[in-house]
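A closer look at the structure
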Amino acid sequence: MANTKSAKASVTSQSTATVASAAEEAFKPESGLWVALRDAPSPYSHDEALLLCETFPGEWVSWVLGYGEITLSRGQFHQESRERSLVFSS
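Residues numbered from 1 in each chain as written. Predicted model: local features only at pLDDT ≥ 70, side-chain atom pairs only at ≥ 80, totals over all residues. Heavy atoms only, no water.

1. Side note on the overall build of the protein chain
- The number of helices and strands found in the protein chain is one helix and five strands.
- Ordered by position from N to C terminus, the α and β elements of the protein chain give α-β-β-β-β-β.
- Sequence-distant contacts, at least 24 apart, represent 35% of the contacts inside the protein chain between residues at least 6 apart.
- Here the protein chain has roughly 6,600 Å² of accessible surface; of this, 55% comes from carbon and sulfur atoms. (Helix = DSSP H or I, 4+ residues; strand = E, 2+ residues; numbered from the N terminus. Contact = heavy atoms within 4.5 Å. Areas by Shrake-Rupley, 256 points an atom, 1.4 Å probe, with all protein chains shown as cover.)

Laid out in structure tokens, this is it:
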């Protein structure tokens, strides 16, 4: 019985990883999109970035609150799980 539970847990964990991987591959970064950073650039900065423009394929100039401008490679961020809107004040 313990082996059956272990096998089910292993299959569930593999299925979850496959779904997450497929979602990550389907994600297409674009300018003006907030993304979650895998690692914050400093202990005092936020762990989210606003993508500004793609300089080279897979490389983005971005803005991180509490840090400033940063260039991120595609592997340094992933899709944000919630919607955000950018509000500019005049």
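2. Thoughts on the environment of R74
- Following the sequence through the fold, R74 ends up in the loop between β4 (68–73) and β5 (77–79).
- With 45 residues separating them in the primary sequence, R74 and P29 have C-alpha atoms 8.6 Å apart.
- Within polar-contact distance, the side chain of R74 engages the backbone oxygen of F77 at 3.0 Å. (Polar contact = N/O pair within 3.5 Å; in protein donor to acceptor, adjacent residues only side chain to side chain.)

3. Digging into a nonpolar patch on the surface
- Together, L52, W63 and L65 make up an exposed nonpolar region whose accessible area comes to about 260 Å².
- The residue W63 is located in strand β3 (residues 59–64) in this model. (Patch = residues over 30% accessible without salt bridge, like charges linked within 9 Å, V, L, I, M, F, W, Y side chains within 5 Å. Salt bridge = Lys/Arg side-chain N within 4 Å of Asp/Glu carboxyl O.)

4. Re the pairing of strand β1 (residues 34–37)
- Bridge count between β1 and strand β2 (residues 48–56): three bridges; the pairing is antiparallel. Looking at the pairing, W34 lines up with L50 of β2.
- In this structure, β1 lies alongside β5, joined through three bridges in antiparallel fashion. By the bridge assignment for β5, V35 is matched with Q79. (Pairing = 2+ DSSP bridges.)

5. Description of the pairing of β3
- Sheet topology note: the β2/β3 ladder contains five bridges and is antiparallel. Paired with L50 across the two strands is W63, which belongs to β3.
- As consecutive antiparallel partners, β2 and β3 are separated by two residues, and within that stretch G58 has a phi angle of approximately 85°, a positive value.
- Pairing geometry for β3 and β4, over six bridges, is antiparallel. If you follow E59 over to β4, its bridge partner there is S73.
- Connecting the antiparallel pair β3 and β4 is a turn made up of three residues, with G66 showing a positive phi of about 80°.

6. Description of the environment of K28
- Among the secondary structure elements, K28 is positioned in the loop between α1 (2–26) and β1.
- Owing to a relative accessible area of 60%, K28 belongs among the exposed residues under this scheme.
- With 51 residues separating them along the chain, K28 and Q79 place their C-alpha atoms 8.6 Å apart. (Buried < 20%, exposed > 50% of the residue type's maximum accessible area, 1.4 Å probe, protein only.)

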